[in-house]
Amino acid sequence: MPLTATATVPTAAASRYLVQLCTHFAHKIPVEHDDKTGRADFPQGSCHLAAEAGTLRLELSAADEQSLAQIKDVVADHLNRFGWREALAIAWES
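These numbers were taken from a predicted model, which means no experiment stands behind them. (Residues numbered from 1 in each chain as written. Predicted model: local features only at pLDDT ≥ 70, side-chain atom pairs only at ≥ 80, totals over all residues. Heavy atoms only, no water.)

Enquirer: Can you walk me through the packing of aromatic side chains in this structure?
Expert: Any aromatic ring pair is given by two values, namely how distant the centres are and how the planes are angled relative to each other. A full pass over the atoms with the stated rule returns one aromatic pair. Here the aromatic rings of F25 and F42 are separated by 5.2 Å at their centres, their planes lie at 70°, and the arrangement is edge-to-face. Remark: F42 occurs in strand β3 (residues 37–42) and F25 occurs in helix α1 (residues 14–25); sequence separation between them is 17 residues. F42 shares its class with F25; the two are buried. (Phe/Tyr/Trp six-rings, centres within 6.5 Å; stacked < 30°, edge-to-face > 60°. Helix = DSSP H or I, 4+ residues; strand = E, 2+ residues; numbered from the N terminus. Buried < 20%, exposed > 50% of the residue type's maximum accessible area, 1.4 Å probe, protein only.)

Following this line, the structure appears as structure tokens:
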């Protein structure tokens, strides 16, 4: 059974960040997305994204703790770089 982590990130630009993350990740890994939902398939696991009213929801899954931690780090690092003007709050929950 895969391990999971979720985060709800408050932002008025949820759709923009979803598209930006998916477009960026698509250079190296399989990605599917539109303006409201996305999925990125990392070698270690997957990241599902959803742009909702005032929030970006992230749902990660991986086979083990190390893989889940790697995906968390990659997604959070990129989101923080893209959203540096907002100082986004990413609080992961398992």
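Additional details are given in the paragraphs that follow.
Enquirer: How do you make sense of the nonpolar core when you look at a structure like this?
Expert: If you look at soluble globular proteins, the nonpolar side chains tend to sit buried side by side. One finds F42, C47, L49, L56, L58, V75 and L79 to be the most contacted residues of the largest nonpolar core, which totals 26 residues. If you list the elements that add at least two residues to this core, you get β1 (3–10), α1, β3, β4 (45–52), β5 (55–62) and α2 (65–82). Broken down by element, this core gets its largest block of residues, six residues, from α1. Excluding anything up to four places from it in sequence, L79 contacts V9, Y17, L21, L56, L58, L88 and I90. (Core = buried A, V, L, I, M, F, W, Y, C linked by side-chain atoms within 4.5 Å. Contact = heavy atoms within 4.5 Å.)

Enquirer: So what exactly am I meant to see when it comes to the packing of α1 against α2 here?
Expert: For any two helices packed against each other, the geometry comes down to the angle between their axes and how far apart the axes lie. Following both chains from N to C, one finds α1 and α2 inclined at 120°, their axes separated by 10 Å at the closest point. By the criterion of interaxial angle, the relationship of α1 to α2 is oblique. Viewed along their axes, α1 and α2 form a crossing whose handedness is right-handed. Where α1 approaches α2, its residues Y17, Q20, L21, H24 and F25 are matched on the opposing element by V74, V75, H78, L79 and F82. Split into classes, the residues belonging to the contact of α1 with α2 amount to seven nonpolar, three polar and no charged. (Axes fitted to C-alpha atoms, helices over the stretch in contact; angles between N-to-C directions. Parallel < 35°, antiparallel > 145°, perpendicular 65-115°, else oblique. Left-handed = near helix turned anticlockwise from the far one by under 90°. Nonpolar A, V, L, I, M, F, W, Y, C, P; charged D, E, K, R; others polar.)

Enquirer: Would you explain the pattern of salt bridges in this entry?
Expert: Two side chains carrying opposite charge are able to pair once their charged atoms lie near each other. Taken as a whole and judged by the stated rule, the model has three salt bridges. A salt bridge links R81 to D77; the shortest N-O distance between them is 2.7 Å. Here R81 pairs with D77, and both are found in helix α2, just four residues apart, close to one helical turn. (Salt bridge = Lys/Arg side-chain N within 4 Å of Asp/Glu carboxyl O.)

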